[in-house]
Amino acid sequence: MEELKVRLTILFFLISAALCLLVSMNTDNWTEHQGVFSGLWRKCKKLNGETSCEELSNNSLPGFFTYVRALYALALGFFIAGILYCIFVIFRPRTFGLTCFTVFVIIGGLSLLIGLSIYTYFNDDKFSNSIRFHWSYFVGWLGVFMSLLATIISCYDITYPSSPYGQAYRIE
């Protein structure tokens, strides 16, 4: 019963990380510069209470946007694979090892961390402070934190003495 609680906690943190990533990825409130809010895919401007948005085309974007988008997509893929794998681990603990799952979460979390770090580096206006980060950006960092928690707890589950994974490692 204890192992099930631990694995459900891992699944909760991983689903939370994936949801944070999806919310962050699909909203337009990453940064604000002179009344223009932008995200990874669109930028929006408020005029007289009305909001007008336009898509960010690849031709007009700096090169780092492509990398951030690709790293976000990679992280989402690994998180989805990790969620599915964790569900299999819950139902068949001796068939599916948790080590592979941990690798999925680590790669997804690192992809998200690197993508957000690149975005931060290129958008941090050190001199004029005219660019401000908004809630979508911080939700992405919350996803990094959630994936880190899922990784730590899954490492704990692998080494936990009563865990089937810990028993399998000791038998070999």
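Residues numbered from 1 in each chain as written. Predicted model: local features only at pLDDT ≥ 70, side-chain atom pairs only at ≥ 80, totals over all residues. Heavy atoms only, no water.

1. Topic: the overall build of the protein
Counted only if it meets this: The numbering of helices and of strands both runs from the N terminus, where a helix is a DSSP run of H or I of at least 4 residues and a strand a run of E of at least 2. Burial classes follow relative accessibility: with a 1.4 Å probe on protein chains only, a residue under 20% of its type's maximum area counts as buried, one over 50% as exposed, and anything between as partly exposed. We call two residues in contact when some of their heavy atoms are within 4.5 Å.
A count of helical and extended segments in the protein gives 5 helices and 5 strands. Counting helices and strands in the order they occur from the N terminus, the protein gives α-β-β-β-β-α-α-β-α-α. Within the protein, buried positions represent 42% of all 172 residues. Here the analysis covers contacts within the protein between residues at least 6 apart in sequence; of these, 66% occur between residues at least 24 apart.

2. Some words on a nonpolar patch on the surface
In plain terms, the rule: Like charges within 9 Å and nonpolar side chains (Val, Leu, Ile, Met, Phe, Trp, Tyr) within 5 Å are joined into patches, using only residues over 30% in relative accessible area that form no salt bridge. Note on areas: Shrake-Rupley with a 1.4 Å probe; residue coverage comes only from the protein chains shown. Think of a salt bridge as a Lys or Arg side-chain nitrogen and an Asp or Glu carboxyl oxygen that are within 4 Å of each other.
A surface patch of nonpolar side chains, about 510 Å² in accessible area, is lined by Ile80, Leu84, Ile87, Phe88 and Phe91. Counting through the fold element by element, Leu84 comes out in helix H2 (residues 63–91). By relative accessible area, which is 47% here, Leu84 ends up partly exposed.

3. Looking at the nonpolar core
What counts is decided by this rule: We define the nonpolar core as a collection of buried residues of types Ala, Val, Leu, Ile, Met, Phe, Trp, Tyr and Cys that are connected through side-chain atoms lying within 4.5 Å of one another.
In this structure, Leu21, Leu40, Tyr72, Leu112 and Tyr119 are the most contacted members of the largest nonpolar core, which totals 35 residues. Of all the secondary structure elements, the ones that give two or more residues to this core are helix H1 (2–26), H2, helix H3 (98–123) and helix H4 (135–159). Among the elements that make up this core, the one with the highest residue count is H2 (12 residues). With residues near it in sequence (within four places) discarded, Tyr72 still touches Leu21, Ser24, Met25, Trp30, Leu40, Leu112, Leu116 and Gly140.

4. Thoughts on the layout of surface pockets
This is how it is decided: In this analysis a 1.4 Å probe is tested at points of a 1 Å grid over the protein atoms alone, and where it fits but cannot get out there is a cavity; an open set with protein on both sides within 12 Å along at least five of seven lines is a pocket; lining residues have an atom within 4 Å of a point. Grid points are joined across faces, edges and corners, and a volume is the space filled by probe spheres set on the points. Throughout, the ten residues Ala, Val, Leu, Ile, Met, Phe, Trp, Tyr, Cys and Pro are labelled nonpolar, Asp, Glu, Lys and Arg are labelled charged, and all others, Gly among them, are labelled polar.
Counted as a void, the largest pocket has a volume near 270 Å³. Surrounding the largest pocket, 14 residues form its lining, Thr31, Ser38, Lys43, Phe65 and Asn123 being those nearest its centre. Of all the secondary-structure elements, those providing two or more residues to the lining of the largest pocket are strand E1 (31–33), strand E2 (36–38), H2 and H3. Classifying every residue of the lining of the largest pocket by side-chain character gives 8 nonpolar, 5 polar and 1 charged.

5. Some thoughts on the pattern of salt bridges
Within the structure shown, the criterion is met by 2 salt bridges. With its nearest N and O atoms 2.5 Å apart, the salt bridge here joins Arg42 to Asp28. Of this pair, Arg42 sits in strand E3 (residues 42–47) while Asp28 sits in the loop between H1 and E1, and the two are 14 residues apart along the sequence. The exposure class assigned to Asp28 is buried, which follows from its relative accessible area of 12%. In this structure, Glu32 engages Arg132 in a salt bridge whose closest nitrogen and oxygen atoms are separated by 3.0 Å. Taken as a pair, Glu32 in strand E1 and Arg132 in strand E5 (residues 131–133) lie far apart in primary sequence, 100 residues in all. Note on Arg132: relative accessible area 46%, which makes it partly exposed.

6. Considerations on the packing of aromatic side chains
Quick reminder of the rule: In this analysis, rings of Phe, Tyr and Trp, with Trp reduced to its six-membered ring, are considered paired at centre separations within 6.5 Å, and the interplanar angle assigns stacked below 30 degrees, edge-to-face beyond 60, and tilted for intermediate values.
Summed over the entire model, instances satisfying the criterion amount to 15 aromatic pairs. When the centroid spacing of 6.2 Å and the interplanar angle of 65° are considered together, the rings of Trp30 and Tyr137 count as edge-to-face. Of this pair, Trp30 sits in the loop between H1 and E1 while Tyr137 sits in helix H4, and the two are 107 residues apart along the sequence. Pairwise contacts between aromatic rings join Trp30, Phe64, Phe65, Tyr72, Tyr119, Tyr121, Phe122, Phe133, Tyr137, Phe138 and Trp141 into one cluster.

7. Re the packing of H1 against H2
Worth spelling out the cut-off: Think of each axis as a best-fit line through the C-alpha atoms, taken over the contacting stretch in the case of a helix, with angles from 0 to 180 degrees between the N-to-C directions. Here roughly perpendicular refers to angles of 65 to 115 degrees, roughly parallel to angles under 35, roughly antiparallel to angles over 145, and oblique to all remaining angles. Crossing handedness: left-handed means the near helix sits turned counterclockwise from the far one by under a right angle, and right-handed means the same turn made clockwise.
Running from amino to carboxyl end, H1 crosses H2 at an angle of 155°, the nearest separation of the two axes being 10 Å. As far as their axial angle goes, H2 and H1 are roughly antiparallel. Classified by chirality, the crossing of H2 by H1 is left-handed.

8. Examining the UniProt feature "transmembrane region" (unreviewed entry) in the protein
As a reminder, the rule being used: UniProt positions are given in the numbering used here, feature names are shortened, and annotations may be inferred rather than shown by experiment.
Under the UniProt annotation, the feature "transmembrane region" (unreviewed entry) is placed at residues 7–25, 70–91, 98–122 and 134–156. From the first C-alpha to the last, residues 134–156 spans 34 Å; its make-up is 96% helix and 0% strand.

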